[in-house]
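# Summary of structural features
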Amino acid sequence: MTGIAFLIPIALGLGLCGLAAFFWSLKNGQFDDLDGAALRILIEDEGAVDD
Amino acid sequence: MNASSPRASTAALPETLFAVPAMRCAACISKLENGLPHTPGIAAARVNFTAKRIAISHLPETKIPDIQRAIAALGFESQPLGDELAGIADDSSRELLKAMAVAGFAMMNIMLLSVSVWSGASGGTRDLFHWLSALIALPTVAYSGRPFFRSAWSALRNRRTNMDVPISIGVVLTTALSLFETFIGGAHAYFDGAVMLLFFLLTGRWLDSVMRDRARDGVSALLKHKAAGALVLSEDARSEWVLADALKPGMIMLVAAGERLAADGIITKGRSHFDLSLLTGESAPATMMVGDPVHAGTLNIDAPVEIRITAAGASTVLADIARLMEDAGQSKSRYVRIADRAARYYAPAVHMLALLSFAGWMLAGAGWHQSLLIAVAVLIITCPCALGLAVPAAQIVAAGALMKKGILVKDGSALERLAEVDRALFDKTGTLTIGRPELVNADALSAADKPFVLALARASRHPLSQAIRRALEAEGTVAADTENIREIVGHGIEAQHYAERMQLQRPDPADAGASLAVQFSRADAPVVILKFEDALRADAEATLRALKALGIDSSIASGDRAEAVQPVARALALTAQTAMRPQDKLDAISRLAAAGHKVLMIGDGLNDGPALAAGHASLAPASASDAGQNAADAVFMGDSLAPVATAVRAARATQRIVKQNFVLAIGYNAIAVPLAIMGLVTPLIAALAMSSSSIIVVANALRLKGAAR
């Protein structure tokens, strides 16, 4: 039975971590431009070739 | 949001938003973001591809036209977005999403604990699990329940009731009772039911709100603004860019050919043609000279003029129409959505049932504790989980399908109203027709003439010249080399080819008749008359037939002259009313409404704005003025009229599915409620019934994916 004393807090803690991560990403604009993010990966990012 | 992104470290600079509807690929993003900062005065650019917007931070002295030119130099058309559009972030969706995330998290954890209780945990373990559930559920209900509590409270304060009242009472009562059960170490706690209810309902709300945001983003990216400002001549004869809301009567503004006016005024210098179609719907340009009044929103076509401003901002004719529109829109805001209409009957019924079962069990001698437990079970089981999803789930799937077909529906109530229409009024210019003149007799020109005509036409911004250019370029004509091309304002264009003089000009009225025409003449050859027509949209006839088949009669309500409307009316076999002012269109709609019709208004111009707002439902093409697009319930893209019928059909299909969903949801209640009243419903059964009915309703809604065929 003592197992539960560890396991339940761990389970809840992990869930809370996920929730916190979601809130963080929402606040930091990770979901603002979903289509754009999919395309940005295709941009060659060697901007150093500016003239 | 943009300010916190790593690129925009220049937070102190002013930031302006532009809509760039033409961006389509990764290359566009990098071209804009890497290209724009090379322009002096622009510090950084950040693209939001989903909203088709670009946020540009620039030096305070860099003006909007400069930035637009810089964007144009990269090959993109752009429109500055006013603050009122840029300001509305998707706050309400975000709020709902957060509440939904919290409820989802809590639901899963409580469910985990509940499953072990259901599978036989007893004694101390069960109490511990109930306490843990309470620990999770209380903050969740307080946080995620707010949208419902707020709406229920405001409804109650106005002595009305809505769907949120039974939800709020159910959730609060359930939580309180479960807490009490937990205190006394009872066998059943309904925390899982309360939180799951919140989660499913929030999902429905969130879908609804996402749909509204998505359509709004689409529409605002399409918006073509009236002139954002004007070049104003100051006392010392220098010109300076002044934003539209800073223009004052008495100022002199310089308006170049091809610009829209930002204020009403009187011409003090120059003479030009003006395209008034935005205000009157009239397709032929009007000649204006010194002393003539001109209005904000009209387009100066062919020569620069100076205009003394007589009215700016809120006192322009444009603003008057906007006010008329606002008043007309109030009838629409009185529309009651189907879910709320259902709630009007549903909510009292639910309360009554719960109350009756409480009273019944009390009378049967069950004791207040058990009676209350049963009443709560009834409340929970009847709480409109599936009902809350029934409408938004169907509407968002339908709106998604319509969006793929190029029809942007602004919100769910628009779909409901669209399904009910039984009468259609069409504007002519820009709605039944494409809204720009097209050359109809290109064959009248010999192959030898065409290159010269193209060379002449290319030199002018007059709509007829542009039409010639489009028609000839589409044929593959290559322009000839000519010399001394010059445009004679109000008359035509002339040029020289070696010694030969050639002209493209307005014809003698006797030759041309009533229609739009241009004549081409060269030294020794006979004069060629080129005729133009505002062509009908593709599928116009088929669309009207389709509407007829749907039981919708159509007619034309146009601001144009009778002679201009007649050919269109005859071609489509429609009755028409002509020379209507915005107020007349409003009256026509209210007459039809008084006769019991639900009118669908389809129009594009500013002059249609009030009618679009007043119609039971309204559609506008994407080429419409921004006022038209704002007032319409849905905007369709492309040169075809077919989306009108598609939208009505899809709206009716949606309504059918919504009704089926209601039947499913109520059918589930008919089975579950008697069980609950008999006291047979345990939390396990409540949880199962609730989720399965929600899933069935959503699955039924998914059938609408192909609704927009």
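Residues numbered from 1 in each chain as written. Chains lettered and ligands numbered in written order. Predicted model: local features only at pLDDT ≥ 70, side-chain atom pairs only at ≥ 80, totals over all residues. Heavy atoms only, no water.

## Considerations on the overall build of chain B
Assigned secondary structure in chain B consists of 26 helices and 26 strands. Counting across all 709 residues of chain B, residues that qualify as buried make up 52%. Carbon together with sulfur atoms contributes 59% to the accessible area of chain B, which is approximately 30,500 Å² in total. (Helix = DSSP H or I, 4+ residues; strand = E, 2+ residues; numbered from the N terminus. Buried < 20%, exposed > 50% of the residue type's maximum accessible area, 1.4 Å probe, protein only. Areas by Shrake-Rupley, 256 points an atom, 1.4 Å probe, with all protein chains shown as cover.)

## Points about the overall build of chain A
Looking only at helices and strands, chain A has 2 helices and 0 strands in total. A total of 51 residues make up chain A; the buried ones form 20% of that total.

## Section: the sheet that holds strand β20 (residues 516–522) of chain B
Residue and element names in this part refer to chain B. Taken in spatial order, the 6 strands of this open sheet run β16-β21-β20-β19-β18-β17, and their pairing is antiparallel. The sheet is open, and its two edges are formed by β16 (433–439) and β17 (483–488), each paired on a single side. Put simply, the sheet's adjacent strands are angled 15° from each other on average, direction ignored. Inspection of the sheet shows strand β19 (residues 500–505) paired to β20 by 4 bridges, in the antiparallel sense. Along β20, the bridge assignment pairs M502 with R522. In the packing of helix α17 (residues 450–458) onto the sheet, contacts are made with β17, β18 (492–497), β19, β20 and β21 (528–536), and the angle to β19 comes to roughly 60°. Across the sheet, helix α18 (residues 463–475) is in contact with β16, β18, β19, β20 and β21; its angle to β16 comes to roughly 75°. (Pairing = 2+ DSSP bridges. Axes fitted to C-alpha atoms, helices over the stretch in contact; angles between N-to-C directions. Contact = heavy atoms within 4.5 Å.)

## A few points about helix α15 (residues 412–420) of chain B
The buried count for α15 of chain B comes to 8 of 9 residues, which makes it a mostly enclosed element. Along α15 of chain B, the residues that are buried comprise G412, S413, A414, L415, E416, R417, L418 and A419 of chain B.

## Observations regarding the packing of helix α13 (residues 368–382) of chain B against helix α25 (residues 643–677) of chain B
The packing of two helices is summarised by the inter-axis angle and the distance between the axes. Residues and elements named next belong to chain B. For the pair α13 and α25, interaxial distance at closest approach is 9 Å and the crossing angle is 170°. Our classification of the angle between α13 and α25 gives roughly antiparallel. Facing α13, whose interface residues are I374, A377, V378, I381 and T382, α25 presents Y668, N669, A672, V673, A676 and I677. Considering only residue class, the contact of α13 with α25 consists of 9 nonpolar, 2 polar and no charged. (Parallel < 35°, antiparallel > 145°, perpendicular 65-115°, else oblique. Nonpolar A, V, L, I, M, F, W, Y, C, P; charged D, E, K, R; others polar.)

## Focus on the pattern of salt bridges
Residues and elements named next belong to chain B. In this structure the tally under the stated criterion is 12 salt bridges over all chains. Close ionic contact of K269 with E306 constitutes a salt bridge, the shortest N to O distance being 3.7 Å. Here E306 lies in strand β13 (residues 305–311) and K269 lies in strand β8 (residues 264–269), a separation of 37 residues in the sequence. For E306, a relative accessible area of 18% translates into the label buried. Across the pair R417 and D633 runs a salt bridge, and its minimum N-O distance is 2.9 Å. With R417 in helix α15 and D633 in the loop between α24 (626–631) and β26 (634–636), the pair connects residues that are 216 residues apart, well separated along the chain. (Salt bridge = Lys/Arg side-chain N within 4 Å of Asp/Glu carboxyl O.)

## A look at the side chain of S93 of chain B
With respect to the element layout, S93 of chain B can be found in helix α4 (residues 91–118). Not counting residues within four places of it along the chain, the set of residues in contact with S93 of chain B comprises W206, S209, V210 and D213 of chain B.

## So, the sheet that holds strand β9 (residues 272–275) of chain B
All names here are of chain B. Sheet architecture is open: 3 strands sit in the order β10-β9-β12, paired in antiparallel fashion. In the strand order of this sheet, the two ends are held by β10 (286–288) and β12 (299–300), each with one partner. Direction of pairing for β9 relative to β10: antiparallel, over a ladder of 3 bridges. Bridging across to β10, F274 finds its partner in A286.

## Observations regarding helix α21 (residues 562–572) of chain B
Residues and elements named next belong to chain B. Taken together, the buried positions of α21 are occupied by A564, V565, V568, A569 and L572. Viewed end-on, α21 has its buried residues packed into an arc of 120°, placing them on one side of the element. If you follow the buried residues of α21, they end up packed against α16 (428–432), β16, β21, α20 (540–549), β22 (553–557) and β23 (576–577). (Arc of directions from axis to C-beta.)

## Quick look at the pairing of strand β3 (residues 53–58) of chain B
Residue and element names in this part refer to chain B. Counting buried positions over the 6 residues of β3 gives 6, a clear majority of the element. Burial along β3 is two-sided: the face carrying R53, A55 and S57 and the face carrying I54, I56 and H58 are both buried. Direction of pairing for strand β1 (residues 15–19) relative to β3: antiparallel, over a ladder of 5 bridges. The residue bridging E15 from the neighbouring strand is S57, located in β3. Here strand β2 (residues 42–48) hands over to β3 after 4 residues, with K52 in that stretch at a positive phi of 55°.

## Notes on unusual backbone geometry
Residues other than glycine seldom take positive phi values, yet A573 of chain B does so here, at roughly 55°. Considering the arrangement of structural elements, one finds A573 of chain B in the loop between α21 and β23.

## Side note on the nonpolar core
Residue and element names in this part refer to chain B. Grouped together as the largest cluster of nonpolar side chains are 74 residues, with contacts concentrated most on I381, F426, L547, L600 and V644. Per-element tally for this core: the top contributor is α25, with 15 residues. In this view, I381 contacts Y668, N669, A672, V673, A676, V681, A686 and A689; residues no more than four positions away in its chain are not counted. Counting residues in hydrophobic clusters, the runner-up holds 38 residues, among them A99, I110, A189 and F191. (Core = buried A, V, L, I, M, F, W, Y, C linked by side-chain atoms within 4.5 Å.)

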